[in-house]
Amino acid sequence: MTAPWITYRPELKVLDCTVRDGGLINDHHFSDDFVRAAYQTCVEAGVDYMELGYKASKQVFQRDRFGAWKFCDEDDVRRVVGDNPTPLKLAAMIDAGKTDWRTDVLPKDRSVFDMMRVAFYVHQTVEACEMIRDAFDKGYEVSANLMAVSRAAETEIAQALELVAETPAQTVVVVDSFGSLYAEQIERLVKQYLGYVRDRGKEVGIHAHNNQQLAFANTIEAVIHGANRVDATMGGLGRGAGNCPMELLLGFLRNPKFKLRPVYRFLQDHIEPLRKEVEWGPLVQYNITGQLNLHPRTAIQARGNPETRLRYVEFYDRTLNEEC
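Summary of the structure given here. Computed from a predicted model, the values in this text were never measured in an experiment.

Concerning the layout of surface pockets
Logical step 1: Approximately 740 Å³ is the volume attributed to the largest pocket.
Logical step 2: Together, 35 residues line the largest pocket, and Leu-24, Tyr-54, Lys-70, Lys-98 and Arg-239 are the ones closest to its centre.
Logical step 3: Among the secondary structure elements, those contributing two or more residues to the lining of the largest pocket are helix H1 (18-22), strand E3 (89-95) and strand E4 (115-120).
Logical step 4: Ranked by residue count, the leading element in the lining of the largest pocket is E3, at three residues.
Logical step 5: Class assignment of the residues belonging to the lining of the largest pocket gives a composition of 14 nonpolar, 10 polar and 11 charged.
Logical step 6: Here the second largest pocket defines a volume of roughly 200 Å³.
Logical step 7: It is helix H12 (residues 297-304) that provides the largest number of residues to the lining of the second largest pocket, a total of three residues.
Logical step 8: Counted by class, the lining of the second largest pocket contains five nonpolar, two polar and four charged residues.

Printed below as a string of structure tokens:
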């Protein structure tokens with residue numbers, strides 16, 4: 001009988017993005033009670049970081065349409081977490097092209113946040129580097145999240161990594177936005193990222209989507225090959241097919257500082273009731289867009305229409321023809 005894996009890497013850190021990624025399925029209309037419970041769960045479970053939402057531009061996104069966690073104003077955040085007198089670090093995502101980062105990202109000494117996660121597509125790398133430097137100069141830990149990496153050419157990824165490696169970002173994240181990557185691709189990307197940033201003292205992270213039911217497996221693959229920053233959500237809650245489930249990840253990592261019981265309590269008391277209101281998970285349309293390496297927006301539309309929700313063949317044929 002093969003002995004179970006009993007060791008762990010103490011340098012590996014876990015980030016919970018339940019509220020941020022989950023907010024993409026309900027326009028960030030989570031109640032204070034839900035967010036507070038998620039926060040308390042992260043504290044009790046020993047999670048290292050919690051991403052509360054976006055700092056989105058109020059010029060781009062209407063405040064009356066989206067909930068508070070689309071904008072993460074300090075008053076809203078402090079209403080739920082106070083001054084955060086815990087070891088848990090708080091993060092917000094700032095999107096290139098969708099954030100008034102010069103004004104809305106306050107100096108760290110005026111904020112309860114500890115980290116800013118700069119999200120960008122490859123063509124936005126120059127702006128992203130400016131955002132990274134701005135956030136770092138304001139006192140934050142900074143993460144660089146290159147999105148939709150599965151749709152970028154290898155030369156584009158290399159050029160982006162060259163630029164990001166010169167910034168003070170402490171973490172560079174492999175983001176499988178469309179849930180289309182397989183283990184071999186994850187291995188290649190993690191090694192490529194490490195080749196650019198490891199000698200500069202930076203860490204590589206992984207953010208996986210579950211379109212092909214590979215988010216957990218791909219996260220494990222990234223860890224095996226040296227990723228020390230890993231993302232997950234409670235119950236896999238997230239846009240479309242969802243993300244790597246926190247309950248599986250913590251069980252895999254074996255670090256005794258992580259506690260699973262608070263996560264299962266959150267699943268029982270908050271995630272299961274939420275399933276009655278919103279839908280997520282690796283459903284057929286998300287499988288299809290994942291296999292075709294496409295953004296899940298068309299799958300989200302199909303799942304949201306009762307007349308098309310179960311018309312799998314029609315969706316497959318239309319998606320395949322549009323891609324061709």
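From this point, things continue past the structure.
Overview of the packing of aromatic side chains
Logical step 1: Overall, the coordinates contain four aromatic pairs when judged by the stated rule.
Logical step 2: Judged by centre distance (4.6 Å) and plane angle (10°), the ring pair of Phe-30 and Phe-34 falls under stacked.
Logical step 3: Measuring from centroid to centroid gives 6.2 Å for Phe-216 and Phe-252, while their planes differ by 85°, and the two rings are edge-to-face. Pair noted here: Phe-216 is in helix H8 (residues 215-224) and Phe-252 is in helix H9 (residues 246-253), with a separation of 36 residues, a long-range link.
Logical step 4: We classify Phe-216 as partly exposed; its relative accessible area is 23%.
Logical step 5: Given a relative accessible area of 13%, Phe-252 falls into the buried group.
Logical step 6: One aromatic cluster is present, built from ring pairs that chain together Phe-30, Phe-34 and Phe-266.
Logical step 7: The ring of Tyr-54 has Lys-70 lying over it, and the distance from NZ or CZ to the ring centre is 4.7 Å.

Reading the values: the criteria
- Residues numbered from 1 in each chain as written.
- Predicted model: local features only at pLDDT ≥ 70, side-chain atom pairs only at ≥ 80, totals over all residues.
- Heavy atoms only, no water.
- 1 Å grid on protein atoms, 1.4 Å probe; cavity = no way out; pocket = protein on both sides within 12 Å on 5 of 7 lines; lining within 4 Å.
- Points joined across faces, edges and corners; volume = space filled by probe spheres on them.
- Helix = DSSP H or I, 4+ residues; strand = E, 2+ residues; numbered from the N terminus.
- Nonpolar A, V, L, I, M, F, W, Y, C, P; charged D, E, K, R; others polar.
- Phe/Tyr/Trp six-rings, centres within 6.5 Å; stacked < 30°, edge-to-face > 60°.
- Buried < 20%, exposed > 50% of the residue type's maximum accessible area, 1.4 Å probe, protein only.
- Lys NZ or Arg CZ within 6 Å of the ring centre and 35° of its normal.

Keep in mind that these numbers describe shape and distance, not what the molecule does.
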